[in-house]
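In case you want the letters, here they are:
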Amino acid sequence: MTPRHTNLWMNSLKVLTTALLFGATIAISCGCESQQNVSYDQPLLEDDDFDKAADRPPTPETLYRYSRLLAAEGKNAEAEMLLQQSIERHPKFMPFYNELAELYVRERKLDSAVNVLNKGLTVDANDAVTLNNLGMTLMLKQDYEGALHAFTRANAADRDNARYVANMGMAAGMMGNYDESLGLYQQILTPGQAHFNVAVLAEARNDMERANQEYALANQSDPNLIRKSDRYNGGLQQRKAR
């Protein structure tokens, strides 16, 4: 089974993205693939794990799951130390870098998160999950150009994951490159959904003229999509009242 990272990056963003329209749950990347053969969906530790490991050093998978258990219990300092030590012992095990970066993001240590992800990329420069997570962290830092570059590299490394294209569209939109953003979204979404995403991004930049244009185009393409959005209807009512 391929690993799954947590959804901290995406949940930290206040912008509607394609991932949300998909109803997905990521990432530090949602359902993104890595080269590590470890399931992130299995229980953190099984009852027999300790007995089985009694006569041998813990595997990277066991160390990884134990670090998650520590973090889930709020023992962030212990989790951080374990992950740092695990990276030194098993530098090629990419989930360590992503898990430590998630911990830093949770603590709002964004520079530290960027540094550890870049360290991981010195081990595997084409790991799509790590590249995507770097992009999400740079989005939180409002470095949209850097984020777009990271998402573009992630997409080049894994052409089958539409989420990377969606994130490219998000970054481009937040840079004000709406036409580029729309073109990217149209590769993976319906016309209505693509226009709706661009509208939300424009509204996030306080560009209400472009936001209204895109909402109108989304409405023309898919009235049901617009009616389902309380965000759009509420904003529309406020703008009409002005």
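That block above? That's the structure.
First things first, this report covers the structure right here in the doc. Predicted, not measured: the structure shown is a model, and the values here were computed from it.

### Thoughts on the packing of helix H4 (residues 60-72) against helix H6 (residues 95-106)
Part 1: Contact geometry for H4 and H6: axes closest at 10 Å, N-to-C directions at 10°. On the basis of the axis angle, H4 is roughly parallel to H6. Every residue of H6 that contacts H4 at Pro 60, Leu 63, Tyr 64, Ser 67, Arg 68 and Ala 71 is listed here: Pro 95, Phe 96, Glu 99 and Arg 106.
Part 2: Across the contact of H4 with H6, the residue classes tally to 6 nonpolar, 1 polar and 3 charged.

### Concerning the side chain of Asp 124
Part 1: Within the secondary structure layout, Asp 124 lies in the loop between helix H7 (110-123) and helix H8 (128-140).
Part 2: Here Asp 124 sits buried without a salt bridge, and the closest side chain of opposite charge, Arg 153, lies 8.1 Å off (N-O distance).

### Regarding the packing of H6 against H7
Part 1: The interhelical angle for the contact between H6 and H7, taken along N-to-C directions, is 170°, at an axis separation of 8 Å. If you check the angle between H6 and H7, you find them roughly antiparallel. On H7, the residues that touch Tyr 97, Asn 98, Leu 100, Ala 101, Tyr 104 and Val 105 of H6 are Leu 110, Ser 112, Ala 113, Val 116, Leu 117, Lys 119, Gly 120 and Val 123.
Part 2: The residue makeup of the contact of H6 with H7, split by class, is 10 nonpolar, 3 polar and 1 charged.

The rules behind these values
Residues numbered from 1 in each chain as written. Predicted model: local features only at pLDDT ≥ 70, side-chain atom pairs only at ≥ 80, totals over all residues. Heavy atoms only, no water. Axes fitted to C-alpha atoms, helices over the stretch in contact; angles between N-to-C directions. Helix = DSSP H or I, 4+ residues; strand = E, 2+ residues; numbered from the N terminus. Parallel < 35°, antiparallel > 145°, perpendicular 65-115°, else oblique. Contact = heavy atoms within 4.5 Å. Nonpolar A, V, L, I, M, F, W, Y, C, P; charged D, E, K, R; others polar. Buried < 20%, exposed > 50% of the residue type's maximum accessible area, 1.4 Å probe, protein only. Lys, Arg positive; Asp, Glu negative; His and termini not counted. Salt bridge = Lys/Arg side-chain N within 4 Å of Asp/Glu carboxyl O.

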